[in-house]
Amino acid sequence: MGIPNENNRVLVIGLDGATWDLLDPWIEAGKLPNLAKLANSGCRGKLGSVFPIISLAAWSSFSTGMTPGKHGVFGFQQRNRPDYKSYIPMSTDVKGKWFWETIGMSGKRSIIINVPGTYPPRELNGVLVSGLLATKTVTYPPELADGLALKGYTVDEKGYFNTSKGGFLEDIYGTTDSMAKAGLEFLENEDWDVFVIVFTGTDRIQTCMWEDKAGMLKYFQRMDSIVGEFAEKAGNNTTTFVVSDHGAGRLKRKFFVDTWLKEQGYLKLLKSSDTPVKKAAVFIASFLRTTKLVETIRRVILFFGLRPSSVIRRPTLDIDIANSKAFSSSYYESGVYINRNLVTGNDYEKIRDEIIGKLKSVKDPESGKTVIKNIFKADVLYKNPVSDAPDILIEAAEDYTVAGGMRSALLFEQSVRDTGTHKFDGIFMASGKGIKSGQKIDDISIVDVAPTILRLFGMRSKEMDGKIIEEIFE
Ligand SMILES: [Zn+2]
């Protein structure tokens, strides 16, 4: 293994949620020539994600080389101890350096675009354009933001709820193209040693259009030509990685874990929420979703030129946190917190084991299938997890997702709008300078990417949980 080249450059293209399950058949059919070239000319493999399988947690693991147990981001919502208030984790909550910050200390310059978990931006040697959770274009250095916005750079897709399918697609293609254009300008006109750009439209389209394989392929073909352009313009002196934060699969049914915890007696509602009127509202909302009537209503509202989100607001009951033994992280995260103010001493393990045991055996009466594929204790999965970690992490079985929040009267609902969901296995490709060709790599994790990139610059970090993927190097 030689000494890494002084002039080596690293390009990372992130395709949120990309999975070999979709890419391989398309590659074999010759539909994605640029991704095929990158996959076949270098090393490829499945890249394991993290639990919970959520973009913000997984990309933070990509950026830090740490597990969520160490960097402290478990999803879009999590709870703090000791009062269990829900909060949205920002970049300021990330307990660890991003790999480009470490690389920057040796004078190397980075361009980082749209990596989820990088809002607000932190100072670096280079340029950073914040990804999720940014709601507008925010950059380091800050003065770049206005120029980017003027050029039509848009931060993230608006989603599918308030638009027709046509509007959703127009928005997603527009965002992707504006990001690609801005990215290529940086790539060609700025000095850089590390260049990272993440496209999130891939995840969005898989979530909303999983049943429409032709529609997804069309978008991935656009993505393929963008990837090809980046790889070509980056030049021969570059090592190129294409990675995803997790994979994807079909979604049919949602399991409401907070509704289940309430049924089992672990979760209590606030008195103000425990009224017949509020419960009836939640019941009607569940009924509308189960019968798919909500989708018809949404289309009617769109037809009249209104925003469905301002009319259809799903009622949610408030949890009496102080008097509940267990509750989820919040909206759709697959984590359960045990209230350690209420459940103390030996009771803690007893209650936790009891909940895990019961959850493992939950079956969907409609299909007869088990709903949970894997369930973990956070402190077994992650060594010494940070104090805000959920106590239990859940991986849903095929066709299912685990949803939180007291917003369903039923334990299960048909998934109306989302037909795709996150799966554990993402993608990994490495090619170009210093990389072996035609190698298949197994047993690698998203936490391994950062230490592997550091290795290309002859650096190591003791803080990181991941390992260097040595097999890829010539
Ligand atoms: Zn993702």
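Keep in mind that what you see is a predicted model, and the values were worked out from it rather than measured.

K.L.:
For the environment of Asp245, give the residues involved together with the corresponding values.
P.N.:
Here Asp245 is to be found in the loop between β9 (238-243) and β10 (247-256). On the neighbour-count criterion, Asp245 (32 C-beta atoms within 10 Å) is buried. Taking the C-alpha atoms as reference points, Asp245 and Leu47, separated by 198 residues in sequence, lie 8.0 Å from one another. Apart from residues no more than four positions distant in its own chain, Asp245 is found in contact with Asp16, Gly17, Ser49, Ser55, Ala58, Trp59, Phe62, Gly426 and Ile446.

K.L.:
So, the sheet that holds strand β1 (residues 9-15): which residues are in play, and what are the values?
P.N.:
Ordered in space as β7-β6-β5-β8-β1-β9-β18-β2-β19, the nine strands form an open sheet in which the pairing is mixed. At either margin of the open sheet sits one strand with a lone partner, and together these are β7 (139-140) and β19 (439-445). Pairing geometry for strand β5 (residues 110-113) and strand β6 (residues 126-129), over four bridges, is parallel. Residue pairing across strands places Ile113 opposite Val129, the latter belonging to β6.

K.L.:
Outline the packing of helix α7 (residues 165-189) against helix α8 (residues 201-209), listing residues and values.
P.N.:
Running from N to C, α7 and α8 point in directions that differ by 165°, and their axes come no closer than 10 Å. In terms of axis orientation, α7 runs roughly antiparallel to α8. Crossing handedness for the pair α7 and α8: left-handed. Across from Phe168, Ile172, Thr175 and Thr176 in α7, the residues of α8 making contact are Gly201, Arg204, Ile205 and Cys208. Taken together, the residues of the contact of α7 with α8 sort by class into four nonpolar, three polar and one charged.

K.L.:
Quick rundown of the pairing of β9? Include the residues and the values.
P.N.:
Burial within β9 is extensive, with five of its six residues counted as buried. Where β1 lies against β9, six bridges are found, and the strand directions are parallel. Bridge assignment links Val10 to a residue of β9, and that residue is Thr239. Across five bridges, the pairing between β9 and strand β18 (residues 425-432) is antiparallel. Among the inter-strand pairings, Thr239 is bridged to a residue of β18, identified as Gly432.

About the cut-offs
- Residues numbered from 1 in each chain as written.
- Predicted model: local features only at pLDDT ≥ 70, side-chain atom pairs only at ≥ 80, totals over all residues.
- Helix = DSSP H or I, 4+ residues; strand = E, 2+ residues; numbered from the N terminus.
- Buried ≥ 20, exposed ≤ 12 C-beta atoms within 10 Å, placed from the backbone.
- Contact = placed C-beta atoms within 7 Å.
- Pairing = 2+ DSSP bridges.
- Axes fitted to C-alpha atoms, helices over the stretch in contact; angles between N-to-C directions.
- Parallel < 35°, antiparallel > 145°, perpendicular 65-115°, else oblique.
- Left-handed = near helix turned anticlockwise from the far one by under 90°.
- Nonpolar A, V, L, I, M, F, W, Y, C, P; charged D, E, K, R; others polar.

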